[in-house]
Amino acid sequence: MEAIFDNRVLASLAAYGELQAEEPSAERTRQLAGMVVHLLEESGVDAVLRLPDVPAVAFRFDGRPYLMGLTWGERAMDGAGTADFIGSIRSRAEDGAVMVLSMSGYESSTPAGMDGSVLLWDRTHVEAALCGLVSVSDLLAVAARAAFVDGVGYAPLARMLTVDDASTCPRMATPDLLPPPWPVFKDSYNGVPATLALVGEEDGWPPISGIAALDVDRLVVLTEHGLVELDTARGSTSWIMRLAGCVNEPVVMPDGSVLAVCNGAVVRVTGDWLEAVAGGFTGNVHVLAGPDGEAWVVSGSGPTFGAGRGTLALTRISDRVGGQHRYDIEFNAGIHTAGWLAGRKFFLAAASNSTVIDLNRSSRASRDDWIPSVHDYRAHLLVVDGHRVITAAGNSTGLGVTVVRTDVRARSNELLADLTVNLVSGLCVAPDGTGYLLGDVYGARHGPRDPWPVLIRLPGLRPPTSTTAATPQSQATVAAGGSMDPYDAVRLAARGERRDYALEPRPIDDGGQAEVFRARHKPSGVFVAFKRLRSTAPDAVARMKREIDVARALGDNPHVMAVLDHSDKYEWFVMPLAQESAATVQAELSRPEALRQLVTAICEALRPAHALGWIHRDLKPGNLLRRDGVWTVGDWGYGRRPRGQTTNPDRTRIGAMLGTEGFAAPELSVDAHQAGPQADIYSIGQIIGWALRGVRPQANTPLLPVDGPWRHVAKEATLLDPARRPATVDDLLELIRQEFDHDQPGGGDAAAQLMVAANQGDAAAAAKLFALAARSPNDADLYCDVLARLDFDAVHAAVTADPPRAIEVVHAMREHLGGDLSWEEAARITTWLHWIEVWAADHGDLDLLEETVDVLLAWDARWDQWTPQRHIRAWMATLEGEPAAVVARLLRRNPDAARHFAELNETAASTSASAALSGKDPSTGHRAEAAQHHRLTEQTAGAAADGQHQTVGRSSRRCLRQIPGSSPGEALGLRTGRGRSRI
């Protein structure tokens with residue numbers, strides 16, 4: 001049977017606990033000296049207790065004699081007292097090294113008169129050895145090196161046990177910057193939408209065993225190499241402490257310290273301070289948060305196959321080493337993990353069956369208390385409330401993870417999420433109720449099994465924790481005397497004094513010219529965001545002043561990030577503390593209603609700004625911040641001031657890129673100073689595409705949603721010509737309203753009415769019908785039954801109104817190629833495409849020509865309509881120059897359609913057709929006759945009766961107009977069945 005703890009450690013800790021409970025005395029110090037001798041001997045070091053007037057321990061280590069003097073007073077030793085004590089020990093040490101163990105510590109780690117031959121220890125060193133965290137011999141080796149090599153007599157425990165390594169802490173990033181190797185979601189259930197928050201670097205992460213929430217947006221990640229602080233919004237990381245040997249989940253205590261299991265002991269990390277708090281644990285050890293701020297430990301396992309007593313135990317950790325109290329548990333299972341429910345109730349998660357133990361009632365779990373488990377492999381756990389827990393674990397294949405909520409009263413389980421990750425490395429919940437699961441997608445790697453972490457956000461796993469530390473808003477409300485705005489207290493006390501704010505040691509955002517810290521406003525206790533410049537260069541100061549000036553100008557706008565206080569030199573300012581940015585919630589924003597809320601907020605922020613002449617010029621997801629559910633626009637540092645208020649025109653240079661690549665409008669790289677509101681509207685369009693596509697946009701390339709109403713909004717907002725975009729944010733909002741708040745006509749009565757009006761000569765109706773088609777690319781009825789019934793003049797009117805939109809419409813027509821169509825409908829669509837290619841060739845629009853010819857040839861290859869082919873063949877024969885080259889190139893690319901026009905090769909004058917079929921482009925000069933023909937002609941079917949030849953462009957139009965009927969089908973004689981293609 002494996003022992004739950006080392007009996008030596010248990011005995012030593014029990015004895016030490018008794019000593020701590022005693023009043024200070026010489027006897028207590030002598031007993032402590034005996035413990036030190038015992039610890040040294042167990043480490044293989046021979047030691048002797050000397051008890052003259054001062055208790056001391058003599059030993060030899062690494063060939064050097066030592067004499068350790070012990071003292072255990074009520075107060076820390078001051079410098080003079082330490083020096084005197086060192087002198088008294090040195091007088092007895094002969095030529096050996098001197099050590100001092102002061103259980104009450106030192107006021108100074110470098111007292112006067114101390115040289116490199118003196119080693120200073122305090123209670124943390126002894127307690128680390130007593131708890132089994134480290135052996136005395138290992139401590140001695142590090143302490144001797146620090147004293148005799150580095151000249152440092154007092155080395156705190158953290159310095160002795162942590163790795164002094166300046167290597168970069170492994171990082172994570174938002175998925176738009178660092179995508180995972182595959183989609184990590186299968187499904188989410190029961191109102192818990194799983195979203196991908198961060199993806200870790202592919203290399204550099206050591207094995208991870210657990211996570212815990214420091215606050216609403218920071219986690220502590222426990223790795224094989226130590227504790228890492230992770231910003232859940234941005235992915236920035238920093239080492240809390242590089243302490244090897246830590247395993248399983250950390251626990252964040254009410255005072256902000258972190259507890260972790262390390263080498264069979266429980267350690268507390270508080271800033272740079274390290275101490276052991278409990279020990280003697282073996283087996284599967286987990287530290288838990290318990291009632292009233294206590295910490296508990298579950299360790300060991302139940303009997304194997306029901307035989308034996310088992311080693312499972314719950315242990316309460318005291319606030320002092322040696323005060324831990326153990327409860328043996330009878331439960332025939334191998335425990336994965338555990339969680340505290342309420343009072344002295346604990347949930348023990350195991351394979352096959354889990355259970356609830358109420359220590360106030362019994363430490364034994366009977367079969368009646370068992371709850372079926374859904375996880376057969378090691379699970380991570382968090383507690384929702386007194387009767388519900390959530391567990392997450394992988395499966396036997398290693399290719400999936402499930403998240404399950406268990407109701408311990410009903411003994412039931414419900415699935416919350418199914419994730420495509422290889423395993424779970426941690427599960428926790430933040431004070432705001434948001435859960436986080438740290439998964440691993442190492443299966444995507446080829447080679448050694450190294451972690452590739454992904455952080456998954458699980459909103460609303462439990463109600464927010466109503467604690468002062470976790471809810472800055474409640475702090476502020478109290479501080480402000482019940483004010484509805486928690487930040488009124490900061491505003492009222494603002495005086496531009498840096499000393500009014502206590503900054504946390506690490507920034508929450510580390511930008512190019514500034515860094516942002518979470519800070520506490522000392523007079524009110526409200527937590528705020530403190531932004532300060534890295535450099536006080538004039539350009540940096542000017543940009544920060546812009547942010548402050550915008551906030552002053554738009555201070556009553558809830559969607560503009562407020563400035564609460566600032567430096568008179570514009571070197572720092574204070575703003576409300578946002579919970580997240582758009583960059584951290586992209587998956588949430590992929591829902592249309594959530595995205596509309598964000599876009600509306602941006603427009604509400606920009607409307608008064610644009611009215612005053614301010615242009616943001618750097619809208620991007622990272623600058624869109626959400627506080628208490630309200631989206632705000634921040635970081636106006638690159639904003640353009642109203643006309644006439646520019647302080648230094650040279651800061652915005654013509655031809656210099658301004659803003660963030662991909663989100664910045666093209667005109668910002670030409671002359672950013674002349675940019676207008678349409679530059680911000682372009683950025684909104686790119687943000688829409690980013691939110692729905694989940695990828696970062698490329699420079700000067702619209703990132704459009706795949707389909708749906710947002711596609712049209714984003715397209716209109718990101719047109720390369722600023723004059724063609726919505727002119728104001730209100731125009732953009734109206735466009736959104738039209739797309740979402742009204743049923744689009746599609747192939748219904750409204751579209752049919754537009755078609756009739758267009759065929760009666762209403763050019764505006766034709767343009768509107770094309771615009772409607774561009775917004776509804778998947779509407780087969782609209783394209784095949786309405787749009788294709790436009791007559792020749794209506795088609796040309798629509799194309800003339802907006803050629804780029806015509807390209808979109810033609811491109812969308814390709815998607816309906818395989819529809820359930822009649823031969824008549826296919827012929828009508830083919831002719832409709834032909835009319836557009838005629839317009840494109842006549843007007844020299846090669847982009848539209850190329851797209852239309854390509855789509856037309858695809859339709860022709862599929863349907864092989866003889867009657868349209870006659871007119872297309874006649875038109876092709878009239879082409880010359882670049883249009884001929886485009887058609888030739890596309891005929892070679894579409895051999896299935898090219899064979900339908902093979903007879904063009906038999907026409908001596910047909911340079912374009914001959915080139916297409918022979919594999920040569922007439923514009924390349926490979927054929928001498930291509931340079932000799934200025935015009936290619938062929939008698940068209942419509943003019944065959946009078947034997948006249950038609951000329952380029954005008955001849956095609958005249959020929960088509962001579963065909964009776966107003967629609968393509970009637971023009972081809974399809975109404976009476978004449979001229980049908982072969983079937």
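Refer to the structure presented above.
Residues numbered from 1 in each chain as written. Predicted model: local features only at pLDDT ≥ 70, side-chain atom pairs only at ≥ 80, totals over all residues. Heavy atoms only, no water.

A. Here's a closer look at the pairing of strand β29 (residues 423-429). In terms of burial, β29 is a largely internal element, 6 of the 7 residues being buried. Where β29 folds back onto strand β30 (residues 435-440) in an antiparallel hairpin, the turn is made up of 5 residues, including Gly433, whose phi is positive at roughly 90°. (Buried < 20%, exposed > 50% of the residue type's maximum accessible area, 1.4 Å probe, protein only. Helix = DSSP H or I, 4+ residues; strand = E, 2+ residues; numbered from the N terminus. Pairing = 2+ DSSP bridges.)

B. Layout of the sheet that holds strand β1 (residues 47-50). A sheet is described by the order of its strands in space; here 5 strands give the open sequence β1-β2-β3-β4-β5, paired in mixed fashion. Of all strands in the sheet, those with a lone pairing partner are β1 and β5 (118-122), marking the two edges. Strand-to-strand twist in this sheet, taken as the mean axis angle between neighbours without regard to direction, amounts to 20°. Inspection of the sheet shows strand β4 (residues 97-102) paired to β5 by 5 bridges, in the parallel sense. Bridge pairing links Val98 to Val118 in β5. (Axes fitted to C-alpha atoms, helices over the stretch in contact; angles between N-to-C directions.)

C. Fine view of helix α2 (residues 26-42). The end-to-end C-alpha distance of α2 is 25 Å, a good match for the 24 Å that 17 residues give at a rise of 1.5 Å each. Turning to α2, its buried residues are Arg28, Thr29, Leu32, Ala33, Met35, Val36, Val37, Leu39 and Leu40. Of the residues one or two after α2, Gly44 is the one with positive phi, at around 85°. (Expected span 1.5 Å × (residues − 1).)

D. Structural view of the side chain of Thr232. Residue position: Thr232 is located in the loop between β11 (226-231) and β12 (237-241). Polar contacts involving the side chain of Thr232 include one to the side chain of Tyr436, which spans 3.5 Å. Beyond its immediate stretch of four places on either side in the chain, Thr232 contacts Ala197, Leu198, Val216, Asp217, Arg218, Leu219, Tyr436, Leu455 and Arg457. (Polar contact = N/O pair within 3.5 Å; in protein donor to acceptor, adjacent residues only side chain to side chain. Contact = heavy atoms within 4.5 Å.)

E. Seen up close, the nonpolar core. In terms of nonpolar packing, the biggest core is built from 62 residues, with Leu40, Val57, Phe59, Leu101 and Trp121 touching the most fellow members. Among the elements that line this core, the one with the most residues is helix α5 (residues 136-148), at 8 residues. Setting aside its immediate chain neighbours within four residues, Phe59 contacts Leu40, Val45, Asp46, Ala47, Arg64, Pro65, Tyr66, Met68, Met99 and Leu140. If you look at the next biggest cluster of nonpolar residues, it comprises 61 residues, including Met755, Ala765, Leu769 and Val886. (Core = buried A, V, L, I, M, F, W, Y, C linked by side-chain atoms within 4.5 Å.)

F. Unusual backbone geometry, seen in detail. Of note, the phi angle at Arg411 is positive, near 55°, even though the residue is not glycine. As for its placement among the helices and strands, Arg411 is situated in the loop between β27 (401-407) and β28 (412-419). Exposure remark for Arg411: the relative accessible area of 39% places this residue in the partly exposed category. Backbone geometry places Asp635, a non-glycine residue, at a positive phi of 55°. The topology assignment puts Asp635 in the loop between β40 (630-633) and α12 (668-671).

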